[in-house]
Amino acid sequence: MAYTGSKAQAGRGSSLSIGSSVTPTGTTTTSSTSITGVTSTSGIAVGASISGTGIPANTTITAISGNTLTISNAATATGSVTLTISPVILGEIKSVPFKAGKWETADVTNFQSGSDREFITTVRDNGTVDLAGNRVSGDAGQQAIEAAYSSGGISAFTLQLPLASGQSTSGDKYTFNALVVSRDFTVDVTKEIDWQVSLKISGAVTFAAGS
């Protein structure tokens, strides 16, 4: 049996989350089961919630695809709607090796270069992030990773570091888009299930200094 506890990095000041914080809006009528015309719903739709004028309390989200939000109990749902999608933290992660990548270079040495070769940077490969931790099937973040792997698409990630010396509010933060290129697990005789995930960073990595 897999470990089913939930430490969720409590009190440690660090986390890795998946999903974008977006608040798209749209409208629905009594004859529809979907809210069309919503703005971008990029990111993994876990931790999503719905609210708005004329929306029954028991209305729930059943699917998000492109610019259409499918909801349940829509027969009595009218008026404007706000959908909020928030990132979710990946629970039970033990380590996050962040391989920062490197610049590719081109040799531009010519007859005027003298005795030293000359290079310029061309494109940058921002590397990979390889996660390791305990596999917990009910963890929302781990479920989002599974969904991202199955979709084969780009997902948004945020790596929040612990407080460093001189920081009192928040640690440094890295945000990036990545493909979930693999997720594996190992079961041993102790019945623990170790979980490994490899993220291939696509595009730039944004750094925000803590305070």
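Predicted, not measured: the structure shown is a model, and the values here were computed from it.

Comments concerning the confidence of the model for the protein chain
Right, so step 1: Overall, the predicted model of the protein chain reaches an average pLDDT of 76, with 62% of residues at or above 70.
Right, so step 2: Contacts for the low-pLDDT stretch residues 1-11, under 50 throughout, to residues beyond four places or in other chains number 22 contacts.
Right, so step 3: Residue range residues 39-46 is modelled with pLDDT below 50. Its contacts to residues more than four positions away, or to other chains, number 25 contacts.

A word on helix H1 (residues 140-151)
Right, so step 1: Between its terminal C-alpha atoms H1 stretches 16 Å, which fits the 16 Å expected from 12 residues at 1.5 Å a residue.
Right, so step 2: For H1, the complete set of buried residues consists of Gly141, Gln142, Ala144, Ile145 and Ala148. Down the axis of H1, the smallest arc covering the buried residues is 155°, so these residues share one side. Set apart from the buried face of H1 by more than 90 degrees, the exposed residues are Ser150 and Ser151.
Right, so step 3: Looking at the buried positions of H1, the neighbouring elements they touch are strand S1 (15-18), strand S8 (88-89), strand S12 (128-134), strand S13 (154-160), strand S14 (173-187) and strand S15 (193-208).
Right, so step 4: Where H1 begins, the capping side chain belongs to Asp139, and its oxygen is found 3.1 Å from the backbone nitrogen of Gly141.
Right, so step 5: Trailing H1 by a residue or two, Gly152 shows a phi angle of about 75°, which is positive.

Thresholds, definitions, all that
- Residues numbered from 1 in each chain as written.
- Predicted model: local features only at pLDDT ≥ 70, side-chain atom pairs only at ≥ 80, totals over all residues.
- Heavy atoms only, no water.
- pLDDT = per-residue confidence, 0-100.
- Contact = heavy atoms within 4.5 Å.
- Helix = DSSP H or I, 4+ residues; strand = E, 2+ residues; numbered from the N terminus.
- Expected span 1.5 Å × (residues − 1).
- Buried < 20%, exposed > 50% of the residue type's maximum accessible area, 1.4 Å probe, protein only.
- Arc of directions from axis to C-beta.
- Polar contact = N/O pair within 3.5 Å; in protein donor to acceptor, adjacent residues only side chain to side chain.

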